[in-house]
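Examination of the molecular architecture
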Amino acid sequence: MRILAALAGLLALTSCKEQRVDVRPSPARLAVFSGAARESEIQPGGSQSQPVVTNPVEGNAYAISEGQRLFNWYNCSGCHANGGGGIGPPLIKQVWTYGGEPANLFDTIIKGRPNGMPAWGGRIPEYQIWQIVAYVRSLNNLEPRTATPARADTLETRPGTIQNEVKGVTK
Amino acid sequence: MKRAAWCLPLLLSACAGPQQSALDPGGSHAQGTANLWWFFSVLLGIIFLLVFGAWLVPLFRRNRGVDSQLLEQTHRPPAATEWTLAKRVGAASGVTVLILFGLLVASIVTGHAVSQPQSRANGMVVEVTGNQWWWYVRYLNDDASRIVVTANEIHIPVGRPVLIRETSNDVIHSFWVPGLQGKTDLIPSRVTTQWIEANQAGRFRGQCAEFCGLQHAHMALWVVAEPEDKFESWMNNQLKTAVPPSTPDQVQGQQIFLNHACVLCHTISGTTAAGQVAPDLSHLASRFTIAAGTLPNTKGNLAGWIGDPQAVKPGNHMATLPLRSEEVQPLVDYLESLQ
């Protein structure tokens, strides 16, 4: 019986798929384009359907972790803190002024928004914007739990004030 | 087969390159470690030979009439011989303990010696911060205008003790320049230190010695030991603001640099580029490697690195940019003018 259970367990393992991490962005994702989402429902001459733009890295753990790094590297945290907000609005919330869908967040980053959100379009490559979008959505539990780390991959602690003084050493 | 065995030591000798070997010391600290290594190797080698010799002797000795019967029945020695044997084994054990204790003392004495400079006079302090996967280097100075920031290349004057103050921005790394000193870990939120001092001019390769992620193997650095006057002129050059572009190509290259994501992570003094999360490029052309000791610093390598960083160091944090092919040449021209 036990042996059977062990065999079944081993069989179950074979169904585990390692998430494929493609560290090299595809050339199509390098271009910086603008405008992923429509801002208004109303259209003259009857509404036209628009293809829904989805996040190519949605649910990808590596992309979310990269997004977290970029969130600090590009100083998003300077205004939004770690999502709680500061100079800028919080990013952990229910109601999004400009929409909380991936395409809306993409537009917000590319185009900027009134009252202080800078336009990043033309500065950072598209694949990185999608990574940041995935991270921001993960803050709101909008990404699969399995792809969202419980904590950062790296330690965030910094040394206290580094003192230059070393006894007996002149610089 | 025998020939193959003879080749083995040859292979070993290939490990001892002139640039990265603890057995080819370039300073007093590494000399201490190397001496200890030789002391251990020679002493323990002799003991090894003695022990195996003592073991082999009975094997080749003439058979003294013990043939068909079981060994323990015929060859049990008389009580007096047993006592002699016990004394010999006891003496050998005592000598072993003494030797081990001697080795312990030698280790402690050497460990203490290499953790201190011979004299602190005229010393200097260099701060090294580990990042995935490169080294941030800052020369501390009480005069803030004399602080130099660079990456992956540490210049030191020959004969002056240098205190390396280390920490890390992300994960644990380890600073290891075998030709000068042993390893010290770089730990986030802590400051660790080691002293180095070169007693001869030369280049010493260093390597991250604590597994730190995808590109751990490509996280190298160079320590360049040079005479005091050469070091001073290097330092004075690093203190200068980056040279402004002089040719039309370089001017265009600078604009490309400032208009792409480069500007968000890198610093070039005298421009709007002031990013703090990637190596300072103000004097990029003065360094002899790029990508943390991965490639020689040439125009071709730099173009390849910028064009497709993930091909050179898969997983590294440099952004892949939507550069057009005609933009690469001016950009590289500009970067390689930053002496």
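Residues numbered from 1 in each chain as written. Chains lettered and ligands numbered in written order. Predicted model: local features only at pLDDT ≥ 70, side-chain atom pairs only at ≥ 80, totals over all residues.

**Describing the nonpolar core**
Generally speaking, nonpolar side chains in soluble globular proteins are found buried as a group. Counting residues in each nonpolar core, the largest one holds 81 residues, and the members touching the most others are Ile129(A) and Ile132(A). When residues of this core are sorted by domain, at least three fall in each of domain 1 (124–239) and domain 2 (248–335) of chain B. Not counting residues up to four positions away in its chain, the partners in contact with Ile129(A) are Phe106(A), Ile109(A), Ile110(A), Trp120(A) and Ile124(A). (Core = buried A, V, L, I, M, F, W, Y, C linked by C-beta atoms within 7 Å. Buried ≥ 20, exposed ≤ 12 C-beta atoms within 10 Å, placed from the backbone. Domains from an automatic or database assignment. Contact = placed C-beta atoms within 7 Å.)

**Some thoughts on the sheet that holds strand β2 (residues 134–139) of chain B**
All names here are of chain B. With mixed pairing, the five strands of this open sheet are ordered in space as β3-β2-β1-β5-β8. A strand with exactly one partner marks an edge of an open sheet, and here the two such strands are β3 (148–151) and β8 (192–196). With strand direction ignored, the average angle separating the axes of adjacent strands in the sheet is 25°. Taken together, the six bridges between strand β1 (residues 124–131) and β2 define a ladder with antiparallel strand orientation. (Pairing = 2+ DSSP bridges. Helix = DSSP H or I, 4+ residues; strand = E, 2+ residues; numbered from the N terminus. Axes fitted to C-alpha atoms, helices over the stretch in contact; angles between N-to-C directions.)

**Re the pairing of strand β5 (residues 162–168) of chain B**
Residues and elements named next belong to chain B. Where burial is concerned, most of β5 is hidden: seven out of the seven residues are buried. Summarising the sheet, β1 and β5 pair through seven bridges and their orientation is parallel. The partner of Glu 127 across the bridge, within β5, is Arg 165. Pairing analysis gives five bridges linking β5 to β8, with the strands arranged antiparallel. Among the inter-strand pairings, Arg 165 is bridged to a residue of β8, identified as Thr 193.

**Observations concerning the packing of helix α2 (residues 28–60) of chain B against helix α4 (residues 79–114) of chain B**
Residues and elements named next belong to chain B. Between α2 and α4, whose axes approach to 9 Å, the crossing angle comes to 170°. The angle between the axes of α2 and α4 places the two elements in the roughly antiparallel class. Between α2 and α4, the contacting residues are His 29, Gly 32, Thr 33, Leu 36, Phe 39 and Phe 40 on the first element and Leu 103, Ala 106, Ser 107, Thr 110, Ala 113 and Val 114 on the second. Grouping the amino acids of the contact of α2 with α4 by side-chain chemistry returns seven nonpolar, five polar and no charged. (Parallel < 35°, antiparallel > 145°, perpendicular 65-115°, else oblique. Nonpolar A, V, L, I, M, F, W, Y, C, P; charged D, E, K, R; others polar.)

**What to know about helix α4 (residues 102–111) of chain A**
Residues and elements named next belong to chain A. Burial runs high along α4: seven of the ten residues are buried. Buried within α4 are the following residues: Pro 102, Leu 105, Phe 106, Asp 107, Thr 108, Ile 109 and Ile 110. For α4, the secondary structure elements touched by its buried residues are α5 (126–139). Residue Gly 112 follows α4 closely and has a positive phi angle near 80°.

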